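# Coordinate inspection notes
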Amino acid sequence: MREFPEAIRIKLGIYVEIFIEWLREDFSGFFDAIKSGILWFLMNVQDILLFIPWWLIIVGVVLLATKVRNVKSGVFYGFLIFLIGAFGLWEMMILTLAVVLTSVVISLLVGIPIGIVMAYSDRLEVIIKPLLDAMQTMPSFVYLIPAIMFFDLGTVPAVFATTIYSVPPVIRLTNLAIRRVPKEVLEAAKSFGSSPMQTLVKVELPQAMPTIMAGINQTTMMAMAMVVISSMIGAKGLGINVLTAINRIDIAMGFEAGVSIVILAIIIDRITQSAADKFKYPE
Amino acid sequence: MSIKLKAKNITKIFGKKPKKIIKKLDEGLSKDEILKETNHTVGVNNVSLEVKEGETFVIMGLSGSGKSTLIRCFNLLHEPTKGELYVDGENIVKYDKKKLREFRQKKMAMVFQHFGLFNHRSVLENVEYGLEIKKIDKNKRQDIAKETIKTVGLKGWENQMLHQLSGGMQQRVGLARALANDPDILLMDEPFSALDPLIRREMQLELIDLQAKLKKTIIFITHDVNEAFKLGDRVAVMKDGEVVQVGTPDDILSKPATKYIEDFVQDIDRSKVFQAKHIMNKPRDVAFIKNGLKVAVKEMKADGRSSIFVVDGNRIVKGIVTIDEAIEGIKENKTIKEVIDNDFNKANPEDYIQDLIYKAVKSKYPIAVTNEEGKLIGTILRSTVLSALA
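This part is about the interface of chain A and chain B. Counting residues at the interface gives 20 residues for chain A and 28 residues for chain B. Summed over both sides, the interface of chain A with chain B buries roughly 2,200 Å², with 57% coming from carbon and sulfur. Area buried by chain A at its contact with chain B is led by Glu184(A), Phe192(A) and Lys202(A), which between them contribute 34% of it. Here Lys202(A) ties to Glu132(B) by a salt bridge, and the two come within 2.7 Å at their closest N and O atoms. Applying the counting rule to chain A against chain B returns 10 residue pairs in polar contact (both at pLDDT 80 or more). The set of elements that each furnish at least two residues to the side of chain A that touches chain B consists of α9 (183–191) and α10 (196–225) of chain A.

Laid out in structure tokens, this is it:
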């Protein structure tokens, strides 16, 4: 009696598979529409980034970092980006950036409204919160499975998987930020006869902005963390180089690509974080 | 004066099913019993009152007495569980959402205990807010906002962010934001409680001055008896969600309705509530320098007084003469300037009696009440100061 009885078997996996099959077949039009939408956006981002001369991008990074931090950081980040180019990985970096940017934009477009709705309804919060917990604790590889099922291989499922993985922080923090707007401030807005929309746009969102910005920073970092994993299902960019290097046990290639990803992550983190800090209102 | 706001049987119960609890209240269960039995909190219990146009109506009570809940019922931030609320004769509880918004935009504005300001906006943008909601165009609303900022004494601070302002100044912004809307009724929920005592006193006086000019209907909440009696034309005392007594400060001081109010007002320090202007006499009897000593003596004799203040043509006080010195002076053929005494005490009309006690005790003359320019606007006899304390 030490072993679990064989007679007891719940075949949950089968039902999930049937469900996914059903979705795939009956909603193929829906998924095709999403696919072409994501692809269109991604391609545009990619084309624009590739169209800009490399030195202009470096200048842009220097100026941006100077504005949100200081000249020293600006010059340093510019040098780091230059280093990626010097590794011969410039185009790969741009492709990675395009996937990350697209995922982040979709995450924000989906996440901020969900966060707002969640803040308004206690019932929805109770439902969505455990979902977000599950999404964040789930190993990120798992997202690759439905992504492939719905969108086959390629960049689009990579964006899809990255979006699902990176959307929870912005939903969570938008919800939290709007709930934390002081009661008196809300009462003040109402007492002047603001409509619900005016209250949201003129008071709640601006008050919540610093925290939402922190959420955007976290979402971006989560998206960066998916770079290597999502390249397993066909995302182009630096992740591919890391994967190839692992397969071939090519230390040199792996190191350069790895360092480039770290550099990109650091720069994006510092710049978005400093931008978020600018939104903070001193007490 | 006409009735501006009339509350009729306002009851507010917090909890899951407040409507069902009303019955229990009618059956005579107490607030505590209802809380224990049903887990519902009775915030306001069957309050009826009337606020007259242009008066400052103070609602006073300790924390938990339901005063903040009541004031939030007045602009329906809390919807009353039961009862009617008439403003200018219309029952606002019946308003739909759109009408309620219009009502809030036009007739009422609120000032909050912790200011309730928008810290993502500058001083000017805060004050503009109500006008922005009314969709008044930008230039016009900025003009109005700037004018209002001037009224509350914050000129020059328009473009600062809030964290650069002290607590007192922030509450001025709160007041300006409410006034910019030009509401008929100003709701003030313990507006000065979060300020330190010195600033609080200053703000109280400024509110009195402002009210003299604006003549709004003010409903003011406070837990401070001294503040209530200083500001209020009429005062309502609340306890456990009910109004226990409504009356002028004098009424409540002289005829407290219950033992509770008696205890409550015992703490009050009359010398901190009454000001020089409340107890001074109008200066019927003054001597003008140009008229000379003989006229001064005549005035004193006519009034049966032993001294008289001497003023110049602009009614600026120059000194005081006693009847003895005046008669002596006439004998020796002195002018009025040679016999007047400068050793008298002056007071401002806003000085509190507590500040006059020392002056009254130290000097042998009455106290001269003068305005900023030094004009004599009243006199206070020493005995009046001391009897006002009783």
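This structure, assessed with the given rule, holds 25 salt bridges over all chains. The partner of Arg172(A) in a salt bridge is Asp133(A), with the nearest N and O atoms 2.9 Å apart. One end of the pair, Arg172(A), is in helix α8 (residues 155–179); the other, Asp133(A), is in helix α6 (residues 122–137), and 39 residues separate them in sequence. Judged by relative accessible area, which is 24%, Arg172(A) ranks as partly exposed. Take Asp133(A): its relative accessible area is 38%, and that puts it in the partly exposed class. Of the charged contacts, one joins Asp224(B) and Arg200(B) as a salt bridge, the two residues approaching to 4.0 Å between their closest N and O atoms. Of this pair, Asp224(B) sits in the loop between β8 (217–222) and α9 (225–231) while Arg200(B) sits in helix α8 (residues 197–214), and the two are 24 residues apart along the sequence. Here the salt bridges do not stand alone but share partners, grouping Asp122(A), Glu125(A), Lys129(A) and Arg179(A) into one network.

Here we come to the confidence of the model for chain B. Counting all residues, the mean pLDDT for chain B is 86, and 97% of those residues have values of 70 or more. The complex model carries a pTM of 0.76, and its ipTM stands at 0.79.

All names here are of chain A. Its 25 residues place the ends of α8 36 Å apart at the C-alpha level, agreeing with the 36 Å of an ideal helix rising 1.5 Å per residue. Most pronounced at Ser 166, the bend in α8 amounts to some 35°, and the proline Pro 168 follows within four residues. Counting buried residues in α8 gives 20 out of 25 residues, a clear majority hidden from the surface.

Per the counting criterion, the structure on display carries three cavities of 30 Å³ or more. Taken as a whole, the largest cavity spans an internal volume of roughly 50 Å³. Lining of the largest cavity is provided by Thr96(A), Val99(A), Val100(A), Thr162(A), Ala223(A), Met226(A), Val227(A), Ser230(A), Ala235(A) and Lys236(A). Elements that contribute at least two residues to the lining of the largest cavity include exactly α5 (90–120) and α11 (227–230) of chain A. Sorting elements by how many residues they give to the lining of the largest cavity places α5(A) first, with three residues. For the lining of the largest cavity, the class distribution of residues is six nonpolar, three polar and one charged. Considering only enclosed or pocket space, the second largest cavity measures out at about 40 Å³ in volume. With four residues, the single largest contributor to the lining of the second largest cavity is α8(B).

It is worth spelling out a positive patch on the surface at this point. On the surface, Lys16(B), Lys17(B), Lys20(B) and Lys23(B) cluster together into a patch of positive charge. Examined against the element boundaries, Lys17(B) turns out to sit in the loop between β1 (3–14) and α1 (18–26).

Reading guide: rules and limits
- Residues numbered from 1 in each chain as written.
- Chains lettered and ligands numbered in written order.
- Predicted model: local features only at pLDDT ≥ 70, side-chain atom pairs only at ≥ 80, totals over all residues.
- Heavy atoms only, no water.
- Contact = heavy atoms within 4.5 Å.
- Buried area = accessible area lost by both parts, 1.4 Å probe.
- Salt bridge = Lys/Arg side-chain N within 4 Å of Asp/Glu carboxyl O.
- Polar contact = N/O pair within 3.5 Å; in protein donor to acceptor, adjacent residues only side chain to side chain.
- Helix = DSSP H or I, 4+ residues; strand = E, 2+ residues; numbered from the N terminus.
- Buried < 20%, exposed > 50% of the residue type's maximum accessible area, 1.4 Å probe, protein only.
- pLDDT = per-residue confidence, 0-100.
- Expected span 1.5 Å × (residues − 1).
- Bend = angle between axes of the 7 residues up to and from the residue.
- 1 Å grid on protein atoms, 1.4 Å probe; cavity = no way out; pocket = protein on both sides within 12 Å on 5 of 7 lines; lining within 4 Å.
- Points joined across faces, edges and corners; volume = space filled by probe spheres on them.
- Nonpolar A, V, L, I, M, F, W, Y, C, P; charged D, E, K, R; others polar.
- Patch = residues over 30% accessible without salt bridge, like charges linked within 9 Å, V, L, I, M, F, W, Y side chains within 5 Å.
- Areas by Shrake-Rupley, 256 points an atom, 1.4 Å probe, with all protein chains shown as cover.
- Lys, Arg positive; Asp, Glu negative; His and termini not counted.
- Charge placed at Lys NZ, Arg CZ, Asp CG, Glu CD.

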